[in-house]
Amino acid sequence: MKLFAPMTGVSRVVLAMAMAGGCAFSQAATNQDVELPPVTVAAHDGVEVPYNNTGVSVSILNSEQLQKEGVVTMTEALTRVPGLYTTTGGSSYQRGSVSYARIRGMNSADYTLTMVDGMRLYRIGALAGPVFMGTTDLFSIGNTEVVRGSEGAVYGAGAIGGVVATGTPQGQGKPSFKVFTEAGSFDSFTGAAIAQGQVGKLDYFVSATYERTNNDPTTAAPILDRHAAKFEQWSEAVRLGYQISDSTKLTFTYRRQDAQANQPQACATDYDPVTFAPMYGGFARVTDYYRTNLATMKLDTQVNKIWSSSLMVGYYGFDFTDTYSPLFTGYDTFDSNLRNVQIEWRNLMQWNKQHRTTAGFAWNRAQFVSNYETRNLENTYGLFAEHMYSPVSNLDLSAAARLDSSTIWNELFTYRAAASWKVTGDKSPTRLFGSFGSGYRAPSAFERFADCTIGYSRYKGNPDLKVSKSLGGDLGVEQRVADKHYLTVTGFWTRINDQIGATADYSSWTNYSYATAVGVECSLRGEFGDAWNSGYTLAYTYTVPKNNSDQQLSYTARSVWSADIHTSPIASVTTGLGVTAASGRSAGVGSHIDSYCVLRWYARWQATDNLAFHVRVENMGNDRFVTQPDYSGNSTYDIISAGTAVYGGVTLTF
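Here's a quick rundown of the structure. Here the structure is a predicted model, which means the values were calculated and not measured. (Residues numbered from 1 in each chain as written. Predicted model: local features only at pLDDT ≥ 70, side-chain atom pairs only at ≥ 80, totals over all residues. Heavy atoms only, no water.)

1. Structural notes on the environment of A531
Note on placement: A531 falls in the loop between strand 28 (509-527) and strand 29 (535-547). With 38 residues separating them in the primary sequence, A531 and P569 have C-alpha atoms 8.5 Å apart. (Helix = DSSP H or I, 4+ residues; strand = E, 2+ residues; numbered from the N terminus.)

In structure tokens form, the structure reads like this:
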């Protein structure tokens with residue numbers, strides 16, 4: 001077994017998931033299904049553990065399979081995960097905007113940690129993680145794991161709701177080259193070129209992607225112009241691995257994104273957009289500019305039969321600028337940048353078949369600076385350890401603890417315990433699992449030191465904010481209901497004490513006494529063997545996320561559905577239907593906006609070994625739902641999602 005496997009691109013994961021039937025995510029694979037069950041490396045932070053041996057709730061998204069189903073963006077891929085509700089642009093449902101992914105009612109801006117190539121994309125003053133999820137396509141990432149629940153003991157700050165972990169794929173096999181092109185509605189175009197493979201001791205992966213779209217949301221009053229939500233982006237990714245010896249490997253990754261996204265703004269209480277329409281061409285608009293650079297260097301070595309070690313050094317730079325239209329005369333631009341440097345030394349001791357221990361040290365230096373004199377520099381030192389124990393073959397236990405020492409917040413201690421029990425033996429059709437853990441979220445620099453005007457709103461930071469701390473747990477059962485058909489049901493709860501939230505007038509921030517999220521996740525997946533290579537996935541989550549005043553938390557949904565069914569009537573053709581739906585949605589705290597149900601159809605024809613054609617129709621029912629409300633209470637200026645869209649393209653492989 002590999003120790004400290006790469007976060008993505010692991011050949012074992014790809015092979016196992018392909019053998020499991022090509023589902024977009026694995027929810028209940030057992031040793032009877034595949035010779036080698038899917039493994040998770042995110043649930044235990046870099047250590048490979050067979051999926052059905054961990055007590056932690058985790059889903060594995062297969063990027064290659066999702067692309068075959070016409071899913072090419074990170075935001076849409078995440079909708080397949082039970083317990084996760086994704087909104088974009090503050091719920092504006094547009095490509096390229098900030099993507100707020102709610103894991104079990106906890107949002108990605110504050111309570112969900114994004115990990116890319118082992119680097120933390122957690123903010124101290126910028127929306128680093130949500131921007132990555134909102135702008136990233138699937139061409140430059142490998143498998144993605146979504147770990148749900150409080151993961152502070154494994155990952156530190158920001159992992160209250162869970163962790164989204166992904167990275168640049170590892171090159172495998174003979175050198176190959178792929179070109180993907182797609183065009184369609186809203187003046188959309190996507191082009192990607194990918195080269196990857198292995199040459200001797202060197203493996204490589206290189207990709208470059210260009211994307212543009214106009215999105216085209218609307219309002220009841222015809223005041224949004226055709227390019228009100230235009231998005232354009234260039235992105236590149238590189239991964240190089242060199243096998244120095246049989247026991248030592250060096251890996252380098254580099255990723256870059258340059259993006260520009262227009263964000264239409266809903267009406268404020270103190271102006272009427274129609275009055276300004278003749279002079280300024282319509283609605284108020286923010287143009288966001290993103291630039292990110294991420295680089296890592298990692299050395300993995302097997303010191304002896306018991307001890308393996310991994311040393312990772314990484315850098316992440318995030319530059320953000322937004323510019324309001326002339327409608328907001330009190331505000332011109334907001335510039336900010338985030339610089340993270342991270343070092344982690346991780347060690348695994350494989351004592352015997354029953355016991356293994358991971359332990360290590362982490363250092364993170366995070367600096368945030370804005371043009372409004374908002375500054376923050378924080379050094380965090382962490383010591384962490386986890387012990388995994390399997391007293392018998394059908395029972396797996398783990399316990400983890402972490403001590404972080406911050407130059408701002410002093411010492412913060414977190415812990416996690418998890419268990420997985422195959423009830424009637426190693427090949428049991430029934431598995432019980434569960435976990436319990438803690439986490440924390442420190443106030444951002446902007447929340448503490450803001451002193452600026454955005455639009456006509458004045459923001460003033462609160463330097464007396466306290467750290468939010470959480471407790472959470474889940475208990476679930478996986479059941480094989482028939483051959484190759486599986487049901488998973490998980491109950492969960494999370495409580496955050498000293499929750500950080502906006503004040504009543506939205507001009508500052510304060511600590512509220514608590515917030516809670518309680519709910520249940522259900523998923524069903526299966527395949528029909530010889531029946532045209534058909535399969536399906538279904539996920540449903542019911543969540544009650546509320547604050548101490550019994551109000552629903554902002555940009556959450558009570559009920560979320562996602563489903564997909566696919567079939568291959570002939571070997572070279574795959575087609576399928578999908579649905580994403582949400583109800584009980586909120587915009588601001590305690591507010592309510594309409595439900596939606598978005599249907600999609602896709603088809604792919606592998607004409608030759610080197611040529612494939614695809615087509616997809618999004619929002620087939622032309623559901624025009626409110627994505628961002630008019631905060632003045634006049635529904636005339638609600639922003640409404642774009643309608644039906646058709647896309648088609650070609651993939652060439654050499």
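2. Things to note about the packing of aromatic side chains
Summed over the entire model, instances satisfying the criterion amount to 15 aromatic pairs. Seen in terms of ring centroids, F318 and F320 are 6.4 Å apart; in terms of plane orientation they differ by 10 degrees. Their pairing is stacked. A residue is classified by how much of its surface remains accessible, and F318, at 1% relative accessible area, is buried. Owing to a relative accessible area of 15%, F320 belongs among the buried residues under this scheme. With centroids separated by 4.5 Å and ring planes inclined at 20 degrees, the aromatic side chains of Y596 and F625 adopt a geometry described as stacked. In this pair, Y596 sits in strand 32 (residues 596-606) while F625 sits in the loop between strand 33 (611-618) and strand 34 (626-628), placing the two residues 29 residues apart along the sequence. For F625, a relative accessible area of 1% translates into the label buried. One aromatic cluster is present, formed by Y290, Y316, F318 and F320 through successive ring pairs. Taking the ring centre of Y51 as reference, the NZ or CZ of R431 above it sits at 5.6 Å. Positioned above the aromatic ring of Y514, the side-chain terminus of R495 is 4.3 Å from the ring centre. (Phe/Tyr/Trp six-rings, centres within 6.5 Å; stacked < 30°, edge-to-face > 60°. Buried < 20%, exposed > 50% of the residue type's maximum accessible area, 1.4 Å probe, protein only. Lys NZ or Arg CZ within 6 Å of the ring centre and 35° of its normal.)

3. A look at the layout of surface pockets
For the second largest pocket, the calculated volume is near 910 Å³. Those elements that provide at least two residues to the lining of the second largest pocket are helix 2 (63-68), strand 10 (176-184), strand 11 (188-199), strand 32, strand 33 and strand 36 (645-653). Counted by class, the lining of the second largest pocket contains 15 nonpolar, 16 polar and 7 charged residues. (1 Å grid on protein atoms, 1.4 Å probe; cavity = no way out; pocket = protein on both sides within 12 Å on 5 of 7 lines; lining within 4 Å. Points joined across faces, edges and corners; volume = space filled by probe spheres on them. Nonpolar A, V, L, I, M, F, W, Y, C, P; charged D, E, K, R; others polar.)

4. As for the sheet that holds strand 8 (residues 144-148)
On the basis of which strands lie adjacent, the open sheet formed by 5 strands has the order 3-8-9-6-7 and mixed pairing. Of all the strands in the sheet, the pair left with one neighbour each is strand 3 (57-61) and strand 7 (119-120). With 5 bridges connecting them, strand 3 and strand 8 associate as antiparallel partners. The residue of strand 8 that forms the bridge with L61 is T144. Sheet strands in contact with helix 4 (residues 128-135) are strand 6 (112-116) and strand 9 (162-166), and its direction is about 65 degrees off that of strand 6. (Pairing = 2+ DSSP bridges. Contact = heavy atoms within 4.5 Å. Axes fitted to C-alpha atoms, helices over the stretch in contact; angles between N-to-C directions.)

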